[in-house]
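Observations on the model geometry
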Amino acid sequence: MLNKAIALAFVLAATAGGMAVAGQSRPADGAVVDPSKANDESTWAQGPWQPPHGLKQSPIWPGAAPDNDARATAQERVEIARTPDALEGSTSEAAWDVSVPTMTVFPPKGRNTGAAIIVFPGGGFRAVVVTKQGTEICNWIAAKGITCVLLKYRVPARENHHWPDECPCYPLQDAQRTIKLVRSRAHDLGLDPTKIGVMGFSAGGFLVAQTSNIVEPAYTEVDSADKLSSRPDFAVAFYPGHLCRDGDVLESSIKVSKNTPPTFLLQAWDDGVDPVCNSTIYARALNAAGVPSEVHLFAKGGHAFGLRRMEHPVGASWPALLEAWLHEIGVLPRKAASAGAD
C-alpha cells in the first residue's frame with residue numbers, strides 16, 4: 001500500500017506542470033500561499049472548485065450523498081499551481097476535501113455524434129485534478145463531437161487512501177451514480193444511451209476498472225435514474241493505479257468477464273508513480289476474458305502527462321490513437337475505406 005509520502009507525490013505529480021485551457025476556472029478571491037506546502041508554487045482558494053465560464057456544475061445526488069455521515073469535517077478547497085507549460089493560461093487546479101460530488105457537462109462542438117465520455121480525473125483519491133486531467137481533456141473530447149461529463153467525486157479529508165476494503169467507497173458510488181444519471185438524461189443531452197463511456201487517469205483509471213466490472217450498486221437506490229445500468233459501453237484508462245497488487249496480481253475486487261466493456265489502455269514504462277504492471281496485468285485479464293482491448297505502452301513519458309507538451313511522443317501521440325480506436329469500435333462514425341483498397 002502506498003505510504004503517505006508517495007500519496008503526496010502522486011498528487012503533486014498530477015498537478016505539477018499542469019496546463020490550463022480556455023475558460024478555466026479562476027482562483028477565488030483570497031487565495032493565499034500555504035507555507036506548509038513543499039511546493040511553494042501553489043496557492044490555495046477556500047471554497048468549492050468552479051467550472052469554466054458558461055458551464056454549469058450540478059450535484060449528482062438529489063440530497064445528501066450516501067454514507068456522508070462519515071465525510072470530512074474540512075471544507076472543499078482548491079489548490080492552484082503555477083504551470084508555465086500550460087496550453088493556455090499559466091495555472092492548473094486540483095480540488096481537495098471534496099464532500100459534495102458534482103458533474104459538469106461540456107457540450108459537443110460542431111456535429112453531435114451522440115456519444116458521451118464521463119471523465120474521472122486522477123489525484124490519488126486525495127484530490128481531484130480538475131484542470132490537467134479534467135477540463136482540458138473535456139475540451140479535447142468535446143472538439144470531437146462527443147459530450148464530455150467531468151465528475152468531481154468525493155475525496156474527503158482523511159488519513160488513508162481509498163481502498164476497496166475501506167468502503168463505503170465514495171468515488172465508486174459517485175462514478176456509478178454519474179453513469180446512470182447521464183444515461184437517464186440521454187434524450188435531453190442528445191445522446192445514444194448505448195454509447196456512454198468512461199475515461200480515467202491514474203486513480204481515475206482505477207475507477208474505470210471498477211465501473212467496468214462492478215455492476216452491483218454500491219449504494220441504495222435514490223430515484224428512477226438508479227434503475228438504469230452503471231456499466232459503461234466502452235472504457236479508457238490512462239496510467240491506472242491500484243490494480244497491480246503484491247505479487248503482481250490483479251486487485252481481487254476486479255472480476256473481469258466477457259461482459260467487461262471494450263477497453264483502451266495507455267501508460268509509459270517509466271511511470272514512477274503507478275508501475276506499468278497496473279496496465280499489463282489488467283490487459284492480461286481482459287485478454288483472458290475475451291474482451292476487445294487496445295494497449296499502448298510508451299518507453300518514456302512518466303506519470304500524469306495528460307495532453308501536456310513534452311519531449312517524449314506519448315502526449316502528442318495518444319489523441320490520434322484514441323480517436324482511431326473510437327472509430328474502430330463504432331463510437332465515432334467508421335471511416336470509409338480508402339479508394340483502391342483490397
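The sections below set out a description of the structure shown in this document. Within any chain, residue numbers begin from 1 and follow the written order of that chain's sequence. Thresholds applied to this predicted model are a pLDDT of at least 70 for local features of residues and 80 or more for the giving and counting of side-chain atom pairs; totals over whole chains, interfaces and linings are not thresholded and use all residues. For the side-chain quantities, the full set of heavy atoms in the structure was used; hydrogens and water were omitted.

Some thoughts on the state of the cysteines
Quick note on the threshold: A pair of sulfur atoms, both from cysteines and within 2.5 Å, is called a disulfide here. Where helices and strands are cited, they refer to DSSP runs of H or I of at least four residues and of E of at least two residues respectively, numbered from the N terminus. For every residue, the accessible area (1.4 Å probe, protein chains only) is compared with the maximum for its type, and the residue is labelled buried under 20%, exposed over 50%, or partly exposed between those bounds.
Taken as a whole and assessed by the stated rule, the structure comprises 2 disulfides. Shown here is the disulfide that connects Cys138 with Cys148, its sulfur atoms set 2.0 Å apart. Looking along the S-S bond of the Cys138-Cys148 disulfide, the torsion reads about -55°, which is the left-handed sense. Note that Cys138 is positioned in helix α2 (residues 131–143) and Cys148 in strand β9 (residues 147–152), a separation of 10 residues in sequence. Each member of the pair, Cys138 as well as Cys148, is classed as buried. Here Cys244 is linked by a disulfide to Cys277, with a sulfur-sulfur distance of 2.1 Å. Because the torsion about its S-S bond is -110°, the bridge between Cys244 and Cys277 counts as left-handed. Pair noted here: Cys244 is in strand β12 (residues 244–245) and Cys277 is in helix α6 (residues 277–288), with a separation of 33 residues, a long-range link. For Cys244, a relative accessible area of 15% translates into the label buried.

Topic: the environment of Phe238
Convention followed: Throughout, a residue-residue contact means that at least one pair of heavy atoms, one from each residue, lies within 4.5 Å.
Along the chain, Phe238 falls in strand β11 (residues 235–238). With relative accessibility at 0%, the residue Phe238 sits in the buried group. Separated by 67 residues in sequence, Phe238 and Phe305 place their C-alpha atoms 9.5 Å apart. For Phe238, the residues in contact, after removing those within four places along its chain, are Met199, Gly200, Phe201, Ser202, Phe264, Leu266, Phe305, Trp318 and Leu322.

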